[in-house]
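Notes for the structure review
Spelled out, the chains give:
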Amino acid sequence: MIVVGVLIALSVSNVNERRRERAQEAVYLRGILVDLSSDSADLAVRQTIAMQGMWVADRLLELRRDPDSTVPADSLATWFLHAAFVDNFQVLDHTYREILGAGGLSLIRDERLRRQVSGYYRSIESADFFTEYYKGEESDYWDLLAERLHPDDFEGISRAEESEGQVIPIRLIAQLRSDDEIANAIQMNRHWTTLRLDVTKRRIAGNRDLATILRGRLAQ
């Protein structure tokens, strides 16, 4: 009787422990899903910024090639300043780090889901070098603008915006059309922006796939 009682107690304890583990797993999965929702909104913004960066670069290069093309002065100033812009995506990984600190991904029972969660966060970390490198490219571009362009050109445009007037930035356009180094820098920035957009799209796809799997698991 004593042995049977002990076995029953152990069985009940094991059942309760499994229930607690399942409940904690569900909490973690919901937390990851919330983090992914925040990532999704942030990535959508990053995608828009990258697409705008490509559009800006294309307009500047078109203005350089076509002598008959024109552009509002305030737009040209904005294009120059945004032809290189780093938008550093920061993944929201609070829940993921909490899981690792609480005992690792083994807390997630489904092997496919474990691989998906791990793969998503590893893919984010693996692309960090890209942002760091591009920050250097951005800094070099702005240094080049500081060397080639005069602040008065941009100040005149700002005053025109305040007075709702218009200033034709003749010197800026002339500099763009004659300065191969600036044009090459813009072209290089467009190249990096294209790569950044590709990385962002892949992150969006990974985010969407993982969120779909999580929702399916939590619905079971």
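As shown above, the structure is provided for reference.
Per-chain numbering applies: the sequence of each chain, read as written, is numbered from 1 onward. Totals for whole chains, interfaces and linings use all residues, but because this is a predicted model, local features are given only for residues with pLDDT of at least 70 and pairs of side-chain atoms are given and counted only at 80 or more. Values shown for side chains rest on all heavy atoms present in the structure; no hydrogens or waters enter the calculation.

Looking at the overall build of the protein chain
Using the following cut-off: The numbering of helices and of strands both runs from the N terminus, where a helix is a DSSP run of H or I of at least 4 residues and a strand a run of E of at least 2. Any residue under 20% of the maximum accessible area for its type is buried, any over 50% is exposed, and the rest in between are partly exposed; the area is computed with a 1.4 Å probe on protein chains only. Contacts: residue pairs with any heavy atoms within 4.5 Å of one another.
Of regular secondary structure, the protein chain possesses 8 helices and 0 strands. Start at the N end of the protein chain and walk to the C end: the helices and strands fall as α-α-α-α-α-α-α-α. Sorting the 220 residues of the protein chain into buried and exposed places 39% on the buried side. Here the analysis covers contacts within the protein chain between residues at least 6 apart in sequence; of these, 83% occur between residues at least 24 apart.

What about the pattern of salt bridges?
How we decide: Salt bridge, as applied in this entry: a Lys or Arg side-chain nitrogen positioned within 4 Å of an Asp or Glu carboxyl oxygen.
Within this structure, the stated rule accounts for 10 salt bridges. For R59, the salt bridge is made with E62, and the minimal N-O distance between the two is 3.2 Å. In this pair, R59 and E62 both sit in helix α1 (residues 2-65), 3 residues apart, roughly one turn of the helix. Relative accessible area serves as the criterion here: at 33%, E62 is assigned to the partly exposed category. The salt bridge involving D180 is made with R64; its shortest N-O contact spans 2.5 Å. Taken as a pair, D180 in helix α8 (residues 180-219) and R64 in helix α1 lie far apart in primary sequence, 116 residues in all. What emerges from the salt-bridge pattern is a single network uniting E25, R109, D110 and R217.

Focus: the environment of R115
Secondary-structure assignment places R115 in helix α4 (residues 111-126). When the C-alpha atoms of R115 and L105 are compared, they prove to be 9.0 Å apart, with 10 residues separating the residues in sequence.

Some points on helix α3 (residues 94-101)
To keep it simple, the criterion reads: Relevant arc is that of directions from the helix axis to the C-beta atoms, nothing else.
Inspection of α3 places T95, Y96 and I99 among the buried residues, and these make up the whole buried set. Across the axial projection of α3, the buried residues extend over an arc of 105°, all falling on one side. Away from its buried face, by an angle of more than 90 degrees, α3 presents the exposed residues H94, R97 and G101. Taken from the residues just after α3, G103 is the one with a positive phi, measuring 140°.

What about the nonpolar core?
To keep things clear, this is the line we draw: For our purposes a nonpolar core is just a set of buried Ala, Val, Leu, Ile, Met, Phe, Trp, Tyr and Cys residues, chained together by side-chain atoms within 4.5 Å.
Counting 23 residues, the largest nonpolar core has L60, L76, F80, Y141, L176, I182 and I186 as the members making the most contacts within it. Residue assignment for this core shows that the elements contributing at least two residues are α1, α2 (73-82), α5 (128-148), α7 (170-178) and α8. Considering each element in turn, this core owes the most residues, 5 residues, to α1. Look past the residues within four positions of L176 in its chain and what remains in contact with it is L60, L63, R64, F80, I182 and I186. Judged by nonpolar contacts, the second largest core, of 21 residues, contains I32, L33, F89 and I108.

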